[in-house]
Amino acid sequence: AAGRWRPPEKRQGELWHLYRRLASEGWNCDSIGYTTSFRLSLTKSFGKTEEQLSAVFKTISPNLRYSYNLGSVDFMPATSGKAQAAHYLMTMYGQDSKNCVSFGDDDNDLELAHAVGHTFVPGFSHDSLRGAVASEPENFTVASIGGFRGTEEMLSLALLAAPQRATWGLGTLFLAMP
């Protein structure tokens with residue numbers, strides 16, 4: 001029936017074949033609450049190493065992608081993700097990417113950060129984002145304080161900057177909240 005959760009053993013497609021393969025190899029894979037992706041936890045995959053996880057990445061189909069999120073790895077179809085959603089919305093609303101912003105704190109926000117004109121960073125959850133900020137500081141604004149106050153600071157700065165971008169509106173302010 002439509003809308004009912006199906007166990008990964010009964011789901012079809014490359015993503016779910018990968019899920020079943022990884023689970024059978026002893027990786028801790030989570031699909032509960034996910035319909036178009038699954039999450040792999042290295043810390044809960046006892047006996048598994050970063051090197052083994054890197055080897056897994058080399059075996060996935062070009063039709064799939066992965067990103068780090070909150071210390072885990074999300075696997076999804078290559079056509080999924082925040083950047084793809086942003087491109088769709090920018091096209092739908094006729095907006096240029098330079099007039100759009102995002103919020104992000106993790107590896108899974110990097111593709112979105114590169115799809116929009118500017119990204120506000122309330123804090124860092126992954127070193128890859130720290131590296132992107134260091135190499136392209138003009139494309140990022142980083143909070144001076146962490147935690148919820150950092151998020152508050154970034155929201156305030158985004159709202160203050162809005163008048164400088166005359167075409168901003170509800171349909172063009174993309175948020176990838178941590």
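Residues numbered from 1 in each chain as written. Predicted model: local features only at pLDDT ≥ 70, side-chain atom pairs only at ≥ 80, totals over all residues. Heavy atoms only, no water.

1. A closer look at the overall build of the protein
Formally: A run of DSSP states H or I qualifies as a helix once it reaches four residues; a run of E qualifies as a strand once it reaches two. Both are numbered from the N-terminal end. Each residue is placed in one exposure class: buried if its accessible area under a 1.4 Å probe, protein chains only, is under 20% of its type's maximum, exposed if it is over 50%, and partly exposed if it falls in between. Residue contacts are defined here by distance: any two heavy atoms, one from each residue, within 4.5 Å place the two residues in contact.
The helix and strand tally for the protein stands at six helices and seven strands. In the protein, which comprises 178 residues, the proportion classed as buried is 41%. Sequence separation of at least 24 residues holds for 41% of the intrachain contacts in the protein that already meet a minimum separation of 6.

2. A closer look at helix 5 (residues 127-135)
Stated formally: When we speak of the arc, we mean the arc of directions from the helix axis to the C-beta atoms.
Regarding helix 5, the residues found buried are Leu129, Ala132 and Val133. In a view along the axis of helix 5, the buried residues occupy a sector of 100°, so they form one face of it. Opposite the packed face of helix 5, turned more than 90 degrees from it, sit the exposed residues Asp127, Ala134 and Ser135.

3. Notes on a nonpolar patch on the surface
Under the convention used in this document: A residue counts toward a patch only above 30% relative accessible area and without a salt bridge, and it is joined to like-charged neighbours within 9 Å or, for Val, Leu, Ile, Met, Phe, Trp and Tyr, to nonpolar neighbours within 5 Å. Every accessible area reported is derived by Shrake-Rupley at a probe size of 1.4 Å, with residue values counting cover from the shown protein chains alone. Counted as salt bridges are all cases of a side-chain nitrogen of Lys or Arg within 4 Å of a carboxyl oxygen of Asp or Glu.
A surface patch of nonpolar side chains, about 360 Å² in accessible area, is lined by Tyr88, Met92 and Tyr93. Looking at the secondary structure, you find Met92 in helix 3 (residues 82-93). Looking at Met92, the relative accessible area reads 46%, which means it is partly exposed.

4. Quick word on the pattern of salt bridges
Across all of its chains, the model carries five salt bridges by this definition. Among the salt bridges present, the one from Arg130 reaches Asp127, with a minimum N-O distance of 3.6 Å. Taken together, the positions of Arg130 and Asp127, both in helix 5 and three residues apart, correspond to about one turn of that helix. A relative accessible area of 58% places Asp127 in the exposed class.

5. Concerning the sheet that holds strand 4 (residues 72-77)
Heads up, the condition is: Each pair of strands is called paired provided DSSP finds at least two bridges between the two strands. Angular values range over 0 to 180 degrees, each being the angle between N-to-C directions of two axes fitted as lines to C-alpha atoms, with helices fitted over their stretch in contact.
In space, the four strands of this open sheet follow the order 1-2-4-3, with antiparallel pairing throughout. Each edge of the open sheet is held by one strand with a lone partner, namely strand 1 (28-30) and strand 3 (64-69). Taken pair by pair, the neighbouring strands of this sheet meet at an average axis angle of 25°, ignoring direction. Relative to strand 2 (residues 38-41), strand 1 runs antiparallel, the two sharing three bridges. The residue of strand 2 that forms the bridge with Asp30 is Arg39.

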